[in-house]
Amino acid sequence: MKGHAQVVVVGGGVVGASVLYHLTKAGWTEVMLIERDELTCGSTWHAAGGMHTINGDPNVAKLQQYTINLYREIERISGQSCGVHLTGGIMLAGTRERLDWLKMAQARGRYLGMQLEMLTVEEAARRFPLLDTRHFVGAMFDPIEGHVDPYGVTHAYAKSAQIAGAEVLRHTRVLDLKPRSDGTWDVITDRGNVHAEHVVNAGGLWAREVGRMVGLELPILAMEHQYLITEEVPQIAGLAEQMHCIDFEGELYLREERGGVLIGTYERAGVPWSPIETPWDFTQSLLPNDLERIAPSLEVAFQHFPALGEVGIRKVVNGPFTFAPDGNPLVGPIKGLRNFWVACGVMAGFSQGGGVGLALSQWMVNGDPGSDIWAMDVSRYGDWATLAYTNAKVRENYSRRFRIRFPNEELPAARPLRTTPIYDRLRERHAVFGEYCGLEHPLWFAPTAAEAREDVTFRRSNAHAHVAAECRAVRERVGLIEIANYGKIEVTGAGTEAWLSGVMANRVPPLGRIALTPMLNERGKLIGDFTMCRLEADRVLLIGTLAAETYYLRWFERHPPPADVRVRACAREYVGLSVAGPEARALLQSLTRTDLSNTAFPFLAFRRLDIGMIPALVGRISFTGELGYEIWVTPDYQRALHELLVTAGAERGLRPFGARALNAMRIEKGFGNWTREFRPIYGPYEAGLGRFVALEKGDFIGRSAALEERASGGERRLISFAVDATDADAIGDEPIWHDGRVVGWVTSGAYGHRIGRSLALGYVPAAIATADAGFEIEIIGERRPAQRLSACAYDAGGARMRG
Ligand SMILES: Cc1cc2nc3c(=O)[nH]c(=O)nc-3n(C[C@H](O)[C@H](O)[C@H](O)COP(=O)(O)OP(=O)(O)OC[C@H]3O[C@@H](n4cnc5c(N)ncnc54)[C@H](O)[C@@H]3O)c2cc1C
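If you're wondering where the values come from, they're calculated on a predicted model, not measured in any experiment. (Residues numbered from 1 in each chain as written. Predicted model: local features only at pLDDT ≥ 70, side-chain atom pairs only at ≥ 80, totals over all residues. Heavy atoms only, no water.)

Moving on: the packing of helix H2 (residues 58–78) against helix H8 (residues 349–366). Each pair of packed helices can be summarised by the angle the axes make with each other and by the distance between the axes. Packing of H2 against H8 brings their axes to within 7 Å, and their N-to-C directions diverge by 100 degrees. Taken together, H2 and H8 sit at an angle that is classed as roughly perpendicular. Where H2 approaches H8, its residues Val60, Leu63, Gln64, Tyr66, Thr67, Leu70 and Tyr71 are matched on the opposing element by Gly349, Phe350, Ser351, Gln352, Gly353, Gly354, Gly355 and Leu358. Of the residues contributing to the contact of H2 with H8, the split by class is seven nonpolar, eight polar and no charged. (Axes fitted to C-alpha atoms, helices over the stretch in contact; angles between N-to-C directions. Helix = DSSP H or I, 4+ residues; strand = E, 2+ residues; numbered from the N terminus. Parallel < 35°, antiparallel > 145°, perpendicular 65-115°, else oblique. Contact = heavy atoms within 4.5 Å. Nonpolar A, V, L, I, M, F, W, Y, C, P; charged D, E, K, R; others polar.)

What follows is the structure, given as structure tokens:
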């Protein structure tokens, strides 16, 4: 055992082994994997080994494609077979909604280069003869599906890494991890210590416990999962190997296993395993079978696939594996812990393990994951994701694994958790709430309590008419929205302007003013967008995305401010309300002595002022694109502020509005959102943010890449489209066609109520970004004509918001 390593990877499951391999592939060869028993002895060894490319997030789907294509490479290097069976897979729809879902998945697959094929039920039955056609309405075929041998894959990764110089220590348990002041680590094991520059927690079933060694409570929970293997099924004897099959409505997955069929299910009443502490003596172990728990699913299996009811059961497997609350992995560096990385919560190790290893190794070696992995980034969870929250959400997610999540569907578990002081006031006004980072926020307002629920659908819902009325109120009079769900970071101290100028692409605004700014990484890609509000000479409030608060702070740790600058998150200290619409100024003026005229308090002004008796920070800005104000107060004042605005607003026809209306209005204005239009795969000029990049101000992170992008024009352009839609609008991730070819993808879509048209924002190649005709957007399997708009759809000159 060497006493020093550049990296120690804790955990020899499929994920740790993949990380080790990818580190060597990226050129770091003085790396060591420490496994407390044998490789695969956690959740890996008993996995069904299934792999597939489909994922709700296109960027994760790409990494899944990468993983599957990797198996031949590690087989070749290691000489170890991965037992790849690329059978192809079929996904069965039992309802019209599921068929719509499959069509949308197929459409998304088009720009990812996936060859997905829609099938009739009869065609599906020809390819998978075990199904009873009466239970299905259609299907989709994916040629890139199959299964692998978990042992073979893990050892192929490990051997490939060893060939490149990595060390693999078995039967060695990491007992503790101690940081040194220089950012390196002492890895304390039961067989001696290793001094490591970096540590990766790939502890799988024990990732939570490894996290606790460094004071980290990772949002992970293991669930029991069962599959069974039948005796040989005569109906498939002598046929080519049966393909994989997912029966969504039956909540089942199936594949052939030595002449029999492997059937697995994600039962509704799933059972967490070791919810508080994972036992260390659980090694290459299984849990007792509980066929009763999955009996309802098996009954469905025997109806949908009758031949399975006629054969006996050869084997039952019940094993645990881990999930994060949203079912996606937790990957990346941890804020506040130097050189400590995680690669855990991977619930589909054989589809995602390769992509996770690739992204993490790139991040460690090059300082950047190399692709857009926001959906897997560990920083998307904050301290609100406690053990109990994770327990509730993981159970919900597990039970819904094969159920449709409609785009307008809000899930009930762990709610309400975080609420603002006016939560009950908003409820009294029949708000329908959404949850974001554990925080409740109003989506729209119903006229009565009985109507305050939304039908979930891919099409326009019962909320449509009410959202229309909210947008009308904002356009014609004045609307009031709660805006507590933004991230806020305060930067103070003498060096504030100089430091911010180096990390943000725009200039820091003068005193009392607001400036919008992108934040770029070294590659010149968008990693954030902020409203910078200069409250004092040495005090700037950054307002950005709540979910990305930890992500931003982690970035600031890498680009630390000098000693005279203090950076701190303060989202909880300021809750907000915003008034917007032509009457907004008159309304606010009636409540303050400060002159709000356009000359005294112009567009993009930001001041501290009193509204009634309430001290507030007020910005002359609105995401609606109307004349508007954002008002920030400490939570103790929020009820009084709300009361004041509602009372004073009554005579002006003030109407509450929610996130749905705001989304529709910002799309009308062509305003982008982080995680939709703004992501680390786009540059600022591509995203239409070029006017917020102050290239002449001096150096800042990403400047030289931004200069290049400006010179070259970038690869793509963000475009506004008016879509000839019927009863369904684009929601995001639909393909954009041009002259019969898929050329891009939608980032957001909604019905623009102020202009009476269905709208979409999306990226297309720069070369066709000015084409006037030939665009179509595919919505639920139908290519709808789309007109490229040369400017945003609403008030392109900005007269209304500046007025
Ligand atoms: C029944 C079942 C069926 C499944 N089917 C599929 C499937 O079809 N397809 C699919 O993709 N996935 C499937 N999975 C999930 C898959 O098993 C996981 O995604 C995968 O195993 C995760 O791998 P891991 O490396 O993160 O974790 P683990 O396999 O749990 O590996 C973690 C390793 O870390 C070691 N370790 C932890 N702490 C320490 C320490 N302190 N010191 C040293 N070593 C330590 C452990 O001993 C262990 O070997 C299934 C899981 C189950 C239970």
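Anyway, onward from the coordinates.
Turning next to the state of the cysteines. Taken as a whole, this structure holds zero disulfides when the rule is applied. Not part of a disulfide, cysteine 437 finds its nearest cysteine sulfur in cysteine 570, a span of 15 Å. According to the relative accessible area criterion, cysteine 437 is buried, its value standing at 9%. By relative accessible area, which is 2% here, cysteine 570 ends up buried. (Disulfide = S-S within 2.5 Å. Buried < 20%, exposed > 50% of the residue type's maximum accessible area, 1.4 Å probe, protein only.)

Pairing is antiparallel around the closed barrel formed by six strands, whose spatial order is E33-E36-E35-E34-E37-E38. Ignoring which end each strand starts from, the neighbouring axes of this sheet average 45 degrees apart. Bridging between strand E34 (residues 735–738) and strand E37 (residues 775–779) involves three bridges; their strand directions are antiparallel. Directly across from histidine 738, in E37, lies its bridge partner phenylalanine 775. Packing of helix H3 (residues 96–111) onto the sheet brings it into contact with E34, strand E35 (741–752) and E37, and relative to E34 it is tilted by some 60 degrees. Relative to the sheet, helix H16 (residues 659–668) contacts E35 and strand E36 (757–765), its axis offset from that of E35 by approximately 125 degrees. (Pairing = 2+ DSSP bridges.)

Bridge count for strand E18 (residues 330–333) against strand E19 (residues 340–344) is four bridges, and the pairing is antiparallel. The residue of E19 that forms the bridge with leucine 330 is cysteine 344. Connecting E18 to the antiparallel partner E19 that follows it, the hairpin turn spans six residues, and glycine 336 within it adopts a positive phi of roughly 90 degrees.

This part takes up the side chain of glutamate 35. Position of glutamate 35 relative to the elements: it lies in the loop between strand E2 (31–34) and strand E3 (50–51). Apart from residues lying up to four places away in sequence, glutamate 35 is in contact with Gly11, Gly12, Gly13, Cys41, Leu169, Arg170, His171 and Thr172.

What follows is about the nonpolar core. Burial of nonpolar side chains together is a common tendency in soluble globular proteins. Counting residues in each nonpolar core, the largest one holds 114 residues, and the members touching the most others are Leu177, Phe340, Leu542 and Phe556. Counting residues per element, this core draws most heavily on helix H13 (residues 549–558), at five residues. Setting aside residues up to four positions removed in sequence, leucine 542 forms contacts with Gly487, Lys488, Ile489, Val491, Leu500, Met504, Phe530, Thr531, Met532 and Phe556. Listed in part, the 45 residues of the second largest apolar core include Val14, Leu20, Phe350 and Ala375. (Core = buried A, V, L, I, M, F, W, Y, C linked by side-chain atoms within 4.5 Å.)

Going through the model one piece at a time under the given rule, you end up with 30 aromatic pairs. Ring centres of tyrosine 21 and tyrosine 157 lie 6.1 Å apart, and the angle between their planes is 40 degrees; this geometry places the pair in the tilted category. With tyrosine 21 in helix H1 (residues 14–25) and tyrosine 157 in helix H5 (residues 150–163), this pair connects stretches of sequence that are 136 residues apart. In this pair, the class of tyrosine 21 matches that of tyrosine 157, namely buried. Both rings, one in tryptophan 206 and one in tryptophan 280, keep their centres 6.1 Å apart while their planes meet at 20 degrees; by these two values the pair is stacked. Of the two residues, tryptophan 206 is situated in the loop between strand E11 (192–201) and helix H6 (207–212) and tryptophan 280 in the loop between strand E16 (272–273) and helix H7 (291–304); the sequence distance between them amounts to 74 residues. (Phe/Tyr/Trp six-rings, centres within 6.5 Å; stacked < 30°, edge-to-face > 60°.)

With that settled, consider the layout of surface pockets. Considering only enclosed or pocket space, the second largest pocket measures out at about 690 Å³ in volume. Among the elements that make up the lining of the second largest pocket, the one with the highest residue count is H13 (four residues). (1 Å grid on protein atoms, 1.4 Å probe; cavity = no way out; pocket = protein on both sides within 12 Å on 5 of 7 lines; lining within 4 Å. Points joined across faces, edges and corners; volume = space filled by probe spheres on them.)

So yeah, pure geometry; function would need other evidence.
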